[in-house]
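Residues per chain are reported as follows:
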There are 2 protein chains.
Amino acid sequence: MAERLVVVGGDAAGMSAASQARRQRKPGELEIVAFERSHFTSYSACGIPYWVGGTVDGPEALIARSPEEHRARGIDLRMRTEVTELDLDRGRVRARDLDGGVRESWTGFDKLVLATGARPRRPALPGIDAPGVHGVQTLDDGQALLDTLATTGGRRAVVVGAGYIGVEMAEALIDRGYSVTVLDRREQPMSTLDPDMGALVHTAMCGLGIETVRGAVVTAVLTDGAGRARAVATEDTEYPADVVVLGMGVRPETALAAAAGLPLGESGGLLTDLGMRVRGQDAVWAGGDCVEVLDLVSGHTRHIALGTHANKHGQVIGANVGGGYATFPGVVGTAVSKVCDLEIARTGLLERHALAAGLQFVTATIESTNHAGYYPGARPMHVKMLAERRTGRLLGTQIVGREGAAKRVDIAAVALTAGMTVEQMTALDLGYAPPFSPVWDPVLVAARKATAAVRAAGA
Amino acid sequence: MAERLVVVGGDAAGMSAASQARRQRKPGELEIVAFERSHFTSYSACGIPYWVGGTVDGPEALIARSPEEHRARGIDLRMRTEVTELDLDRGRVRARDLDGGVRESWTGFDKLVLATGARPRRPALPGIDAPGVHGVQTLDDGQALLDTLATTGGRRAVVVGAGYIGVEMAEALIDRGYSVTVLDRREQPMSTLDPDMGALVHTAMCGLGIETVRGAVVTAVLTDGAGRARAVATEDTEYPADVVVLGMGVRPETALAAAAGLPLGESGGLLTDLGMRVRGQDAVWAGGDCVEVLDLVSGHTRHIALGTHANKHGQVIGANVGGGYATFPGVVGTAVSKVCDLEIARTGLLERHALAAGLQFVTATIESTNHAGYYPGARPMHVKMLAERRTGRLLGTQIVGREGAAKRVDIAAVALTAGMTVEQMTALDLGYAPPFSPVWDPVLVAARKATAAVRAAGA
């Protein structure tokens, strides 16, 4: 009899794992059952802000592979079906048909993949669940937000949180003609960067007409007579809002795993080995937004919800479940984003991360241009580097600029992975031609300054 | 008494070395005399095609630092002065004032930096020196070409050679309203890439209205009654030309060094140690387009004329001459270019280079897009990878595409420097967001396919 693989969660990690396992083993050898509670599979959640903003059509365009396509490839996919319990001892999961009332049933497994994703942080505040308050984690969320925008007469939007999703949603709502206020709890702007680099983003956002309020502690969502959101209240004042978007990041969706006694890390994500098998388990793998990943720079595990990691996890899990071999060695913490034409990128550790990891470091920040200054369209680019004291090992890089800024962070991402020092980086043979780079690429300029800083700091 | 440093050649390598040495040692400790035979110092030769094409103003915009600025920083710079002999035994150089008749004089040195650059390949063919035939190596060359364009009534240009300079000059002349024919000796298009990738460039150039002739062996430049170039003759036919541009690459300008008995490599470039000191010499350094550099992938030395290397050499030489310490570890052979909106990039070895180095390899070529397919403006991107048989070590990467293609090669350049395998590359944490990359960056897709090819090739 064929083994049965059960996959919980039908987005990037889960369906990549299922597809990869399917490629390795025939249906007669491995039966694959996948459960997905939403209406969609294998979609790009990262594309939701651009769908909401009207830059891309959706939701179809965001879907890499539909339920029908998965089924045609031999995966028994059960949509709108929520897994409600993991029974690891007996090797079975309990699932409920969300559209069919209260019907629940058990499905046995030989191997289990958990890809339950993440959910938006939603603090327990009065009114937080009122109509008009939206997360943007799933395509269902995106559709719900678009429905609200279509039926709301107003023009004022409040975004709570100034991380990547927050700034991307600010741009989306500007594109929809809303006046946008971004409220952030922290005193520093753009908490995904160091304060000095975040300040550049803050200034640019103001220039784009996005009101950004720092140190804004939200206390409630105020509702109107019909119970709909009408304003966001902070400790100091209130901000009228026809629509409220939550951009405070996400938490791993690991309630099921926790109930089953599986090991969770400090951020609440599942802990796995390098083959993405859940620690201490023989037959359970996990990947995507519900796991913690090893940060190769700090040595800690972290929760990073990002589609590119989820896809890699799925490939690794599928290979291992299918009897092959693959590992996910870890991440260096690369992230890129944009708000209008401002590109924002980071990789490795911020200053506060480095301090938390017990690392001593120097920093160097430079301003250069995306390409030769004399070539038309040269725009400023700021690069900040952190390097370990004494060893000079690169610890992190942040870049803020216009065209060509974001993907330059990949240079530093590879250098971090390879454990290079900033002095080694000064000799990197990077592509140079006037339309693409100054003769000293901004990353090289930063590496030179960081090298000098390491030397100046001495022993 | 102060030591005297003599620098031969006032462009990137020479003046970077002089400037860096100046920063390290005061005029009372180190006198610096620099000789430059042209009218310009410290300029971007790589910008000449864009100046000729009218994209950038010139020549001033291409000059990073003028003779006056260098002099103000304490460098005794002698313009329009050509060094005609190196007397290493007696520690002196003979120089001639090009604007002052035949005056020659000797200048002694304690330390010598050779930065004599390169000169365009100019085969000994009938008519090759006729008016209307132009190299584009120096600002003087660029000005002479622009003078010809301004005084020539015609509209037909022939570019000889389809390397980087050839295609960039083709674009420049198109921009000037010329109809352009590119003649290349080889049967394969774009010899800086493998034939399969070069074919993509060839097709795109045809689409831009650039006539490209392969296997065209030039036999003469035909002249009119006044002795001006009027056509380029090949073995098969002739191509009318109001202006002829030589884009056949460059050779190291090392006649002086050869006459002085300094060691030259197979390409005719000076051979140095890792500190850029000429091999076997105590007091002579060399850098820029007149030297050969270590190719870290093949282990051979190569001649690569590129401003970004020249600037690094200058920094290293200046540090060492000034009593500090720096090295230039070598290159991986990265080059980027464009013709109109087509971006062309490579790093590491081509197939023929790998064969010549005794390496066995597999290849993988993929087509992807510069960013998420659903995000507006997604354009095709082709990536080819070479990986060593068995070990899977990355040997080279070539990319042809539109926006965002060229600088992606930096990812592979860093991976090559670090000695990564293509399988290690599949796990790289590269920046992902829909406006910047598909969820699998094209470089990752190529690395995955190359990994599979390594595995399929077996032992």
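Residues numbered from 1 in each chain as written. Chains lettered and ligands numbered in written order. Predicted model: local features only at pLDDT ≥ 70, side-chain atom pairs only at ≥ 80, totals over all residues. Heavy atoms only, no water.

Named according to an unreviewed UniProt entry, chain A is Flavoprotein oxidoreductase originating from Streptomyces kasugaensis. In the Sequence similarities (unreviewed entry) part of its UniProt record, chain A is described as follows: "Belongs to the class-III pyridine nucleotide-disulfide oxidoreductase family." Here chain A is described in UniProt, under the heading Cofactor (unreviewed entry), as follows: "FAD". (UniProt positions renumbered as here; feature names shortened; annotations may be inferred.)

Attention now goes to the nonpolar core. If you look at the biggest cluster of nonpolar residues, it comprises 85 residues, and the most contacted ones within it are Met385 and Met425 of chain A together with Met385 and Met425 of chain B. Apart from residues no more than four positions distant in its own chain, Met385 of chain A is found in contact with Val362, Thr363, Ala364, Leu394, Gly396, Thr397, Val422, Met425, Val443, Ala446, Ala447 and Ala450 of chain A. (Core = buried A, V, L, I, M, F, W, Y, C linked by side-chain atoms within 4.5 Å. Buried < 20%, exposed > 50% of the residue type's maximum accessible area, 1.4 Å probe, protein only. Contact = heavy atoms within 4.5 Å.)

Following Gly58 of chain A, the chain continues into Pro59 of chain A via a peptide bond in cis, with omega recorded as -5 degrees. Assignment of secondary structure puts Pro59 of chain A in the loop between helix H2 (48-52) and helix H3 (67-72). Its identity is not glycine, yet Arg390 of chain A carries a phi of approximately 70 degrees, on the positive side. Checked against the element boundaries, Arg390 of chain A lands in the loop between strand E24 (380-388) and strand E25 (394-401). Judged by relative accessible area, Arg390 of chain A falls into the exposed class, the value being 59%. One non-glycine residue, Arg80 of chain B, adopts positive backbone phi at about 55 degrees. (Helix = DSSP H or I, 4+ residues; strand = E, 2+ residues; numbered from the N terminus.)

Here we take up the sheet that holds strand E4 (residues 81-87) of chain B. Residue and element names in this part refer to chain B. The antiparallel open sheet is built from three strands, whose spatial order is E4-E5-E6. The sheet terminates laterally at E4 and strand E6 (104-108), the two strands that pair on one side only. Within this sheet the neighbouring strands show an average axis-to-axis angle of 30 degrees, counted without direction. (Pairing = 2+ DSSP bridges. Axes fitted to C-alpha atoms, helices over the stretch in contact; angles between N-to-C directions.)

With that settled, consider the interface of chain A and chain B. On the side of chain B, 57 residues touch chain A, which itself brings 57 residues to the contact. In total, about 4800 Å² of surface goes out of reach between chain A and chain B, with carbon and sulfur atoms giving 67% of it. Per-residue buried area on chain A facing chain B is highest for Tyr374, Asp429 and Phe436 of chain A; these three make up 16% of the total on that side. The tally of links between chain A and chain B comes to two salt bridges. One salt bridge in this structure joins Asp441 of chain A and Lys407 of chain B, with 2.6 Å as the shortest N-O distance. Here chain A is connected to chain B by 24 residue pairs in polar contact (both at pLDDT 80 or more). Counting residues per element, the ones that place at least two in the side of chain A that touches chain B are helix H8 (307-321), strand E21 (335-339), helix H10 (409-417) and helix H12 (442-457) of chain A. (Buried area = accessible area lost by both parts, 1.4 Å probe. Salt bridge = Lys/Arg side-chain N within 4 Å of Asp/Glu carboxyl O. Polar contact = N/O pair within 3.5 Å; in protein donor to acceptor, adjacent residues only side chain to side chain.)

Strand pairing in a sheet relies on backbone hydrogen bonds. The paired strands run either parallel or antiparallel. Residue and element names in this part refer to chain A. The antiparallel open sheet is built from three strands, whose spatial order is E4-E5-E6. Each edge of the open sheet carries a strand with a single partner, namely strand E4 (81-87) and strand E6 (104-108). Strand-to-strand twist of the sheet, defined as the mean angle between neighbouring strand axes without regard to direction, takes the value 30 degrees. When E4 meets strand E5 (residues 92-97), the two strands line up antiparallel, connected through six bridges. The residue of E5 that forms the bridge with Glu85 is Arg94.

Now for helix H12 (residues 442-457) of chain B. Counted at 1.5 Å a residue, the expected span for H12 of chain B with its 16 residues is 22 Å, and the 22 Å between its end C-alpha atoms agrees. Those residues of H12 of chain B not exposed but buried are Pro442, Val443, Leu444, Ala446, Ala447, Ala450, Thr451, Ala453 and Val454 of chain B. Where H12 of chain B is buried, its residues touch H8 of chain A together with strand E23 (361-369), strand E24 (380-388), strand E25 (394-401), helix H10 (409-418) and helix H11 (422-425) of chain B. The opening residue of H12 of chain B is Asp441 of chain B, an N-cap whose side-chain oxygen sits 2.9 Å from the backbone nitrogen of Val443 of chain B. Positive backbone phi, at 65 degrees, marks Gly458 of chain B, one or two positions downstream of H12 of chain B. (Expected span 1.5 Å × (residues − 1).)

Tallying each qualifying case throughout the model produces zero disulfides over all chains. Between Cys206 of chain A, a cysteine without a disulfide, and Cys340 of chain A, which holds the nearest cysteine sulfur, the sulfur-to-sulfur distance is 13 Å. Owing to a relative accessible area of 41%, Cys206 of chain A belongs among the partly exposed residues under this scheme. Among the cysteines around Cys290 of chain B, which has no disulfide bond, Cys46 of chain B carries the closest sulfur, lying 16 Å off. (Disulfide = S-S within 2.5 Å.)

A word on the packing of H10 of chain A against H10 of chain B. Running from N to C, H10 of chain A and H10 of chain B point in directions that differ by 20 degrees, and their axes come no closer than 9 Å. As summarised for this structure, H10 of chain A and H10 of chain B are arranged roughly parallel, according to the angle between their axes. Handedness of the crossing formed by H10 of chain A with H10 of chain B: right-handed. Mapping the contact onto sequence places Asp410, Ile411, Val414 and Ala415 of chain A in H10 of chain A and Asp410, Ile411, Val414 and Ala415 of chain B in H10 of chain B. Partitioned by chemical class, the residues of the contact of H10 of chain A with H10 of chain B number six nonpolar, no polar and two charged. (Parallel < 35°, antiparallel > 145°, perpendicular 65-115°, else oblique. Left-handed = near helix turned anticlockwise from the far one by under 90°. Nonpolar A, V, L, I, M, F, W, Y, C, P; charged D, E, K, R; others polar.)

A word on the packing of aromatic side chains. Residues and elements named next belong to chain A. Evaluation of the coordinates by the stated rule reveals four aromatic pairs over all chains. Plain terms: the ring middles of Phe40 and Tyr43 are 6.4 Å apart, the flat faces sit at 75 degrees to each other, and that makes the pair edge-to-face. Across the pair, exposure class does not vary: Phe40 and Tyr43 are buried alike. The cationic tip of Arg92 hangs over the ring face of Trp106; the distance from NZ or CZ to the ring centre is 3.8 Å. The cationic tip of Arg155 hangs over the ring face of Tyr178; the distance from NZ or CZ to the ring centre is 4.5 Å. (Phe/Tyr/Trp six-rings, centres within 6.5 Å; stacked < 30°, edge-to-face > 60°. Lys NZ or Arg CZ within 6 Å of the ring centre and 35° of its normal.)

What follows covers the UniProt feature "domain: FAD/NAD(P)-binding" (unreviewed entry) in chain A. As annotated in UniProt, the feature "domain: FAD/NAD(P)-binding" (unreviewed entry) corresponds to residues 4-311 of chain A in the numbering used here. Taken end to end, residues 4-311 of chain A is 23% helix and 28% strand, and its first and last C-alpha atoms sit 22 Å apart.

On to the relation of the copies chain A and chain B. Relating one copy of the chain to the other takes a rotation about an axis and a shift parallel to that axis. Superposition of chain A onto chain B requires a rotation of 180 degrees combined with a translation of 0.0 Å along the rotation axis, giving an RMSD of 0.0 Å. Seen this way, the second copy is the image of the first under a two-fold rotation axis. (Least-squares fit on C-alpha atoms with pLDDT ≥ 70 in both.)

Turning our eyes to something else, we now look at a nonpolar patch on the surface. All names here are of chain A. Taken together, the side chains of Leu274, Leu294 and Leu296 present a nonpolar region at the surface, about 230 Å² in accessible area. By the secondary structure assignment, Leu294 is in strand E19 (residues 293-294). A relative accessible area of 32% places Leu294 in the partly exposed class. (Patch = residues over 30% accessible without salt bridge, like charges linked within 9 Å, V, L, I, M, F, W, Y side chains within 5 Å. Areas by Shrake-Rupley, 256 points an atom, 1.4 Å probe, with all protein chains shown as cover.)

This brings us to the domain arrangement of chain A. Residue and element names in this part refer to chain A. Each assigned domain of chain A is listed with its residue range as follows: domain 1 (3-119 + 251-321), domain 2 (122-248) and domain 3 (335-457). Using only C-alpha atoms to locate each centre, domain 1 and domain 3 end up separated by 35 Å. If you look at the interface, domain 1 gives six residues, while domain 3 gives 11 residues. Summing both partners gives a buried area of about 590 Å² for domain 1 against domain 3, and 66% of it is carried by carbon and sulfur. Interface area lost by domain 1 to domain 3 is led by Tyr50, Val297 and Arg302, which between them contribute 64%. (Domains from an automatic or database assignment.)

Our next topic: the pattern of salt bridges. Pairing of side chains with opposite charge becomes possible as their charged atoms draw close. Residue and element names in this part refer to chain A. Across all of its chains, the model carries 58 salt bridges over all chains by this definition. Where Arg25 meets Glu29, a salt bridge forms, and the shortest distance between an N and an O atom there is 3.6 Å. For Arg25, a relative accessible area of 17% corresponds to the buried category. For Glu29, a relative accessible area of 37% translates into the label partly exposed. The salt bridge partner of Glu85 is Arg94, with a shortest N-O separation of 2.8 Å. The exposure class of Glu85 is partly exposed, given its relative accessible area of 29%. Judged by relative accessible area, Arg94 falls into the partly exposed class, the value being 27%. Within this structure, Arg37, Glu82, Arg96, Arg119 and Glu253 form a network of salt bridges that share partners.

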